[in-house]
Amino acid sequence: MAKSSVGRFFEGTLFADPPKAYSQMAIGIGATAALVVLLGLIGAPLWLAGLCGGVAGGALQPYLFKNLRYR
């Protein structure tokens, strides 16, 4: 199932509305990157900023993807 999903993702046939899916991904990536940079600017160690950004970005994905439709 995972192999099929990955293949369909790269073919562009996994999501019913690919532009919406890609915009939701971009929002998640942007939020994660912004958090990592912000934590880095306030003096957090890089490993801690990366860890916090990764956890926050991962937690944001279900919220962003809850209304996406798949084919």
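Residues numbered from 1 in each chain as written. Predicted model: local features only at pLDDT ≥ 70, side-chain atom pairs only at ≥ 80, totals over all residues. Heavy atoms only, no water.

J.: What am I meant to see in the side chain of Q24 here?
T.: Within the fold, Q24 resides in helix α2 (residues 18-41). In this view, Q24 contacts L64 and F65; residues no more than four positions away in its chain are not counted. (Helix = DSSP H or I, 4+ residues; strand = E, 2+ residues; numbered from the N terminus. Contact = heavy atoms within 4.5 Å.)

J.: Any chance you could explain the packing of α2 against helix α3 (residues 46-65) here in plain terms?
T.: What describes two packed helices is the angle between their axes and the distance between those same axes. Contact geometry of α2 with α3 gives a least axis separation of 9 Å together with a crossing angle of 155°. Put simply, α2 runs roughly antiparallel to α3. Relative to α3, the crossing made by α2 is right-handed. Here A21, Q24, M25, I27, G28, A31, T32, L35, V36, L39 and G40 of α2 come into contact with α3, specifically with A49, G50, C52, G53, G54, A56, G57, L60, Q61, L64 and F65. Looking at the contact of α2 with α3, its residues break down into 13 nonpolar, 9 polar and no charged. (Axes fitted to C-alpha atoms, helices over the stretch in contact; angles between N-to-C directions. Parallel < 35°, antiparallel > 145°, perpendicular 65-115°, else oblique. Left-handed = near helix turned anticlockwise from the far one by under 90°. Nonpolar A, V, L, I, M, F, W, Y, C, P; charged D, E, K, R; others polar.)

J.: Any chance you could explain α2 here in plain terms?
T.: Since there are 3.6 residues in each turn of an α-helix, residues three or four apart along the chain are aligned in direction. Here α2 is 24 residues long and its end C-alpha atoms lie 34 Å apart, about the 34 Å a rise of 1.5 Å per residue gives. Buried within α2 are the following residues: P18, A21, Q24, G28 and L39. Tucked into the core, α2 has its buried residues touching α3. (Expected span 1.5 Å × (residues − 1). Buried < 20%, exposed > 50% of the residue type's maximum accessible area, 1.4 Å probe, protein only.)

J.: Can you help me understand the environment of D17 in this one?
T.: When you line up the elements, D17 lands in the loop between α1 (2-11) and α2. The exposure class of D17 is partly exposed, given its relative accessible area of 40%. Separated by 49 residues in sequence, D17 and K66 have C-alpha atoms that sit 13 Å apart.

J.: Sorry, what's going on with the packing of aromatic side chains here?
T.: With the rule as written, the count across this model stands at 4 aromatic pairs. Between the aromatic rings of F9 and F10, the centroid separation amounts to 5.2 Å while the plane-to-plane angle is 75°, which identifies the pairing as edge-to-face. By relative accessible area, which is 25% here, F9 ends up partly exposed. Residue classification places F10 among the exposed positions, given a relative accessible area of 68%. (Phe/Tyr/Trp six-rings, centres within 6.5 Å; stacked < 30°, edge-to-face > 60°.)

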